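The primary structure of each chain is shown beneath.
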Amino acid sequence: MFKESHINQRLRNLKKRLKEENPVLSNVVDSFRTLDQISRRLGYFNKEESHATRTSWWPLISILGCYSAGKSTFINYYLRHKLQTTGNQAVDDKFSVICFTNDDKVRVLPGLALDADPRFPFYKISQAIEEVAEGEGQRIDAYLQLKTCPSELLRGKILIDSPGFDADAQRTSTLRITDHIIDLSDLVLVFFDARHPESGSMRDTLQHLVGKTLSRRDSNKFLYILNQVDNTASEDNIEEVFASWQRALAQIGLTAGCCYAIYIPDVAVPIEDDNIRERFEAKRDAYLGEIFERIERVGEERAYRIIGMLEGTAHLLEQEVVPRMRQFLLSWRRKTLWTDGFIFGGILLIFLAATIWGGYWDGLSLELPFLDDWSGGKYLLYGILGVLVLGAAYIHVTVRQWASKSLMTKFLKKINDPESAPNYTRAFRKNSAWYQSIFRRQPVGWSKRTKQRLAHILDNSNAYIQKLNDMYTNPSGDETHMPGMGSQGADDTIETGTSDEPSDASEKIN
Ligand SMILES: Nc1nc2c(ncn2[C@@H]2O[C@H](COP(=O)(O)OP(=O)(O)OP(=O)(O)O)[C@@H](O)[C@H]2O)c(=O)[nH]1
Ligand SMILES: [Mg+2]
């Protein structure tokens, strides 16, 4: 009887929940399962690993930026809930992952809760931290916490509040988490402080965050927000402050992108002059409206992101993982054959030299007198020959293993993404196990059929994207296709190619 793996249970729950929320994504879960099966057969994944846990399935909005810029105040204002502590010194010293709860109480859970649960975007983050800062992985609670909040505005989303950005003081672990958050987020609000629009903290923020966003494909997910502009009301110079802030952004090379100037009504300094106040309020409300709308639409962006990730993974397997394994197999075969040749050739040479020197050759025929005078019986001779063959086999197996180990170290050094090193190690081991032939040209678990399955996933992902487009856009202006209402076809099942596949043992339910 097979016990259902944890990961399988989780994917089943995920699919169930997505079915109501977004049927297209619920089908995408099946495509991820197919990718997982392929990865397991390649030896690239173990039974509990899944590509589906490498992204956040919930829309993720992160709030980053300078310290005391008002990140936490903004979150409280948006959620209409006094959830985060705010204040004029650096308040937050860790990342808070904020998600919805039905309880009417706010709960704070340690970072470990996030590290151990694949439903959250920080699954196994401690490993990633350990890689950049030794010993820090165990201190995950010092970097992360999980907060639950009953605000309805949070339903179906995850918000992340972060400590103020200050690259000098920041440890590599915090920068690592920041990068991870940026990669996963569907929307990144980068906060700046209008009181010090060109402070050192701002420069650090710019360099680390803005500089990095330039080359990204998803750079439109960044919103740059100049907060606390109410402070400019007394001198009525908001335009100047805004323009000099934008110049600073432009200096880094950021010329496009969304920039906003806002202040939070709840905590703003009162603006005495009626004219100025009205102007400020109108601007602020328009900008806040746009920002909130982007936050509301983030569910759509998340759906595209996940399908993008599905495609990316299928390409990664075919264009990176498999070719690398093929190369490994080729080098392994060469190294094994050369070393075998060297050792056995050497033994043969020594044998030849010894027999020639001993005068056992008569022309081209070798005459070994002890064989002629052999009195030990036929079977003893066979026995000795058997031992020689076994010895040769032992040498060959040792050579194979040695070659595989030394090549593995070399190959692992060439891998760009250090997080995939354990996966490659597992796959290399599987391919060079003692029972695998060294003449194998294709990696274990890779065949024409696997290639077809991947092609099928890519076809499906196009179909998924079209369905999403049907749900969210309406180019034809057809009345029956209201954007955001879901198309008639949204819950048609896209063939995922898993149904006819024999599933892994781990995927069978007891
Ligand atoms: N006048 C004014 N004050 C604000 C505004 N937004 C936030 N503040 C104040 O600025 C201070 C810092 O706000 P926080 O929300 O704690 O800032 P933060 O970015 O979360 O800071 P850290 O977590 O320490 O990085 C608090 O005293 C807020 O009351 C605003 O729009 N106008
Ligand atoms: Mg804060």
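Everything in this summary refers to the structure shown in the same document. (Residues numbered from 1 in each chain as written. Chains lettered and ligands numbered in written order. Predicted model: local features only at pLDDT ≥ 70, side-chain atom pairs only at ≥ 80, totals over all residues. Heavy atoms only, no water.)

The next thing to look at is the overall build of the protein chain. For the protein chain, the count of helices and strands is 14 helices and 10 strands. Taking all 510 residues of the protein chain together, 47% fall into the buried category. Sequence separation of 24 or more characterises 79% of the internal contacts of the protein chain that already satisfy a separation of 6 or more. Split by element, the accessible area of the protein chain, about 26,500 Å² in all, is 54% carbon and sulfur. (Helix = DSSP H or I, 4+ residues; strand = E, 2+ residues; numbered from the N terminus. Buried < 20%, exposed > 50% of the residue type's maximum accessible area, 1.4 Å probe, protein only. Contact = heavy atoms within 4.5 Å. Areas by Shrake-Rupley, 256 points an atom, 1.4 Å probe, with all protein chains shown as cover.)

Close contact between helix H2 (residues 23-41) and helix H14 (residues 448-472) brings their axes to 10 Å; oriented N to C, the two are set at 160°. Classified by the angle between their axes, H2 and H14 sit roughly antiparallel to one another. Crossing of H2 against H14: the hand is left-handed. Across the interface between the two elements, Val-24, Asn-27, Val-28, Ser-31, Thr-34, Leu-35, Gln-37, Ile-38 and Arg-41 of H2 pack against Thr-450, Arg-453, Leu-454, Ile-457, Asn-460, Tyr-464, Lys-467, Leu-468 and Met-471 of H14. Across the contact of H2 with H14, the residue classes break down as nine nonpolar, six polar and three charged. (Axes fitted to C-alpha atoms, helices over the stretch in contact; angles between N-to-C directions. Parallel < 35°, antiparallel > 145°, perpendicular 65-115°, else oblique. Left-handed = near helix turned anticlockwise from the far one by under 90°. Nonpolar A, V, L, I, M, F, W, Y, C, P; charged D, E, K, R; others polar.)

With mixed pairing, the eight strands of this open sheet are ordered in space as S3-S4-S2-S5-S1-S6-S7-S8. At either end of the open sheet lies a strand with only one pairing partner, and these are strand S3 (107-110) and strand S8 (258-261). Direction aside, neighbouring strands of the sheet carry axes that sit 20° apart on average. (Pairing = 2+ DSSP bridges.)

Each packed pair of helices is defined by two parameters, the angle between the axes and the distance between the axes. Here helix H10 (residues 298-357) crosses H14 at 165°, and the two axes come no closer than 10 Å. Overall, the two elements H10 and H14 adopt an arrangement that is roughly antiparallel. In this structure, H10 crosses over H14, and the sense of that crossing is left-handed. On H14, the residues that touch Gly-299, Glu-300, Ala-303, Tyr-304, Ile-307, Leu-310, Glu-311, Ala-314, His-315, Leu-317 and Glu-318 of H10 are Lys-451, Leu-454, Ile-457, Leu-458, Ser-461, Asn-462, Tyr-464, Ile-465, Leu-468, Asn-469 and Tyr-472. Split into classes, the residues belonging to the contact of H10 with H14 amount to 13 nonpolar, five polar and four charged.

For Arg-326, the position within the fold is in helix H10. Arg-326 sits in the partly exposed class, given a relative accessible area of 32%. Separated by 118 residues in sequence, Arg-326 and Val-444 have C-alpha atoms that sit 9.7 Å apart. With residues up to four places along the chain from it excluded, the contact list for Arg-326 reads Arg-441, Gln-442, Pro-443 and Trp-446.

Another aspect to go through is the site of ligand 1. Of all residues adjacent to ligand 1, which total 25 residues, the nearest are Ser-72, Thr-73, Val-91, Asp-230 and Ile-264. Gly-87 places a polar main-chain atom, nitrogen or oxygen, 2.9 Å from an oxygen atom of ligand 1. In this structure, Gln-228 approaches ligand 1 through a side-chain N or O atom, which is 3.1 Å from an oxygen atom. Contact with the protein chains hides 92% of the accessible area of ligand 1, taken as 650 Å² for the molecule alone. By residue number, the principal contributor to the shell around ligand 1 is helix H3 (residues 71-79), which donates three residues. Partitioned by chemical class, the residues of the shell around ligand 1 number 10 nonpolar, 12 polar and three charged. (Near = heavy atom within 4 Å. Polar contact = N/O pair within 3.5 Å; in protein donor to acceptor, adjacent residues only side chain to side chain.)

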